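Next come the chains, spelled out residue by residue.
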Amino acid sequence: MTSRRTFITMATAGLGGAVLPGNSGWARGFQEGGELPAVVSTWNFGMAANEAAWKILGSGGYALDGVEAGARIPEDDPAVISVGYGGLPDDRGKVTLDACIMDEKGNAGAVACLEEIRHAVSVARMVMEKTPHVMLTGRGARDFALSRGFKRENLLTPAAKAAWKRWKKAGAHFKPVINIENEILQNHDTIGILALDRQGRLCGATTTSGMAFKMHGRVGDSPIAGAGLFVDGRIGGAVATGSGELVMKTLGSFLVVELMHKGLSPEEACREAVMRIVSTNPGYRDHQIGYLALKNNGLYGAYSLQPGFDYAVRTPSYNRLLTARSLLG
Ligand code: GLY
């Protein structure tokens, strides 16, 4: 993993990809990138997701296909306990999935509280492309997926079931505080992925099993366009990770994109969206929030509340895991 210090040094030395002229570091918010195609995604599993997306983007493919292919990687991986198959369940022991996808034209599709279908991101895409709606939830989402040929399966792995049983035995106390990062000692959460293809089309996706041991029926920020994900192909895109309730109440990803529209760099915009949460939530120190943004010119940036928010970047000259600057720590 590249530390932030290393990253800044590399970028200053011109080794960290194409730094656009006029980017003067933190004074204007750190900016990096500027190459097409580009793909950025949250957490360390973003490296494998970017790799899958790159197979499409690197050969001239569509950004929407890229973000879907990328998001499907952690959905398939039982070792990733916050996404798809192997995700930790809710308080009833059910794995319920949230996902969203947006294209460069502002079209959106989403599923919330989806059970027994592994690739929530692909169902979200089908909602976008094959229905007049934006979001399907619960049983309706599952019925729709089954009608479109998705396979019904048990997503609760033995390891996730054992973790749920341990949680029940320990008293079943739900703490949304820095949920996955601190409670479960795994440094990841939602995957959010943004891609810009050779033709300049910017698309994004999110997919997650949400907060571990959440109340049955709880939906987080990830499937909500404007909260966990927002793309305006004329400006840029943003994704969020961390405590979804706080992101939802500030429409964080929409805010990041709007702030970029007003001229803030991706990192400045992400920082401002974190500050919006801080200014309205006295208990903010107990949460993690991370934003990651990509402009339609290829510049990207991220910022988090707590330290330790990693994100993966892939461009023609760059393939690294970076750590976002953070407010605390
Ligand atoms: N950010 C994921 C969730 O709160 O469900």
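Above this text sits the structure in question.
Counting restarts for each chain: residues are numbered from 1 in the order of the written sequence. pLDDT decides what is reported in this predicted model: residues at 70 or higher carry local features, side-chain atom pairs at 80 or more are listed and counted, and totals for whole chains, interfaces and linings draw on all residues regardless. Side-chain measures were taken over the full set of non-hydrogen atoms in the model, leaving aside hydrogen atoms and water.

Draft legend 1. Just the site of the ligand, in detail. Here a residue counts as near a molecule or strand whenever at least one of its heavy atoms sits within 4 Å of it. Surrounding the ligand, one finds D189, T190, G210, M211, R218, G220, D221, S222, G242 and G244. Distance and chemistry together define a polar contact, namely a pair of N or O atoms within 3.5 Å, with one atom able to donate a hydrogen and the other to accept it when in protein, and with adjacent residues in sequence counting only for side-chain atoms on both sides. Measuring from a nitrogen atom of the ligand, one finds a side-chain N or O atom of D189 at 3.5 Å. Every accessible area reported is derived by Shrake-Rupley at a probe size of 1.4 Å, with residue values counting cover from the shown protein chains alone. Protein contact buries 100% of the 200 Å² of open area that the ligand shows by itself. Grid spacing is 1 Å over the protein atoms alone, the probe is 1.4 Å, and a cavity is where that probe fits but cannot get out, while a pocket is an open set with protein on both sides within 12 Å along at least five of seven lines and lining residues have an atom within 4 Å of a point. Each molecule is checked against the cavity or pocket grid, and it sits inside if more than half of its atoms lie within 2 Å of the grid points. Counting atoms within 2 Å of the grid points, the majority share of the ligand lands in the largest cavity. Under the scheme applied here, ten amino acids are nonpolar (Ala, Val, Leu, Ile, Met, Phe, Trp, Tyr, Cys and Pro), four are charged (Asp, Glu, Lys and Arg), and all others, including Gly, are polar. Each residue belonging to the shell around the ligand can be placed in one class, and the counts come to 1 nonpolar, 6 polar and 3 charged.

Draft legend 2. The arrangement of the packing of aromatic side chains in detail. When two rings of Phe, Tyr or Trp (its six-membered ring) have centres within 6.5 Å they constitute a pair, described as stacked for plane angles under 30 degrees, edge-to-face for angles over 60, and tilted for the intermediate range. For the structure shown, the criterion picks out 4 aromatic pairs. Between W167 and F213, the ring centres sit 4.6 Å apart and the planes meet at 15°, which makes this aromatic pair stacked. Residue W167 is located in helix α6 (residues 158-169), and its partner F213 is located in the loop between β7 (202-208) and β8 (229-232); the two are separated by 46 residues in the primary sequence. Each member of the pair, W167 together with F213, is buried. An aromatic cluster of three or more residues is present, and its members are W43, F309 and Y311. The side chain of R118 reaches across the aromatic face of Y85, ending 4.3 Å from its centre. Secondary structure is summarised from DSSP: a helix means a run of H or I of at least four residues, a strand means a run of E of at least two, and numbering begins at the N terminus for each. Working definition: with a 1.4 Å probe on protein chains only, accessible area under 20% of the residue-type maximum means buried, over 50% means exposed, and in between means partly exposed. Criterion for a charge above a ring: Lys NZ or Arg CZ within 6 Å of the ring centre, and within 35 degrees of the ring normal.

Draft legend 3. Seen up close, the environment of A69. Here A69 is to be found in helix α3 (residues 63-76). Put simply, A69 and A53 are 16 residues apart on the chain and 5.7 Å apart in space, counted from C-alpha to C-alpha. Whether two residues touch is decided by their heavy atoms; if any such pair falls within 4.5 Å, the residues are in contact. Leaving out residues up to four positions away in the same chain, A69 has contacts with A52 and I56.

Without other data, these values stay purely geometric and don't point to any function.
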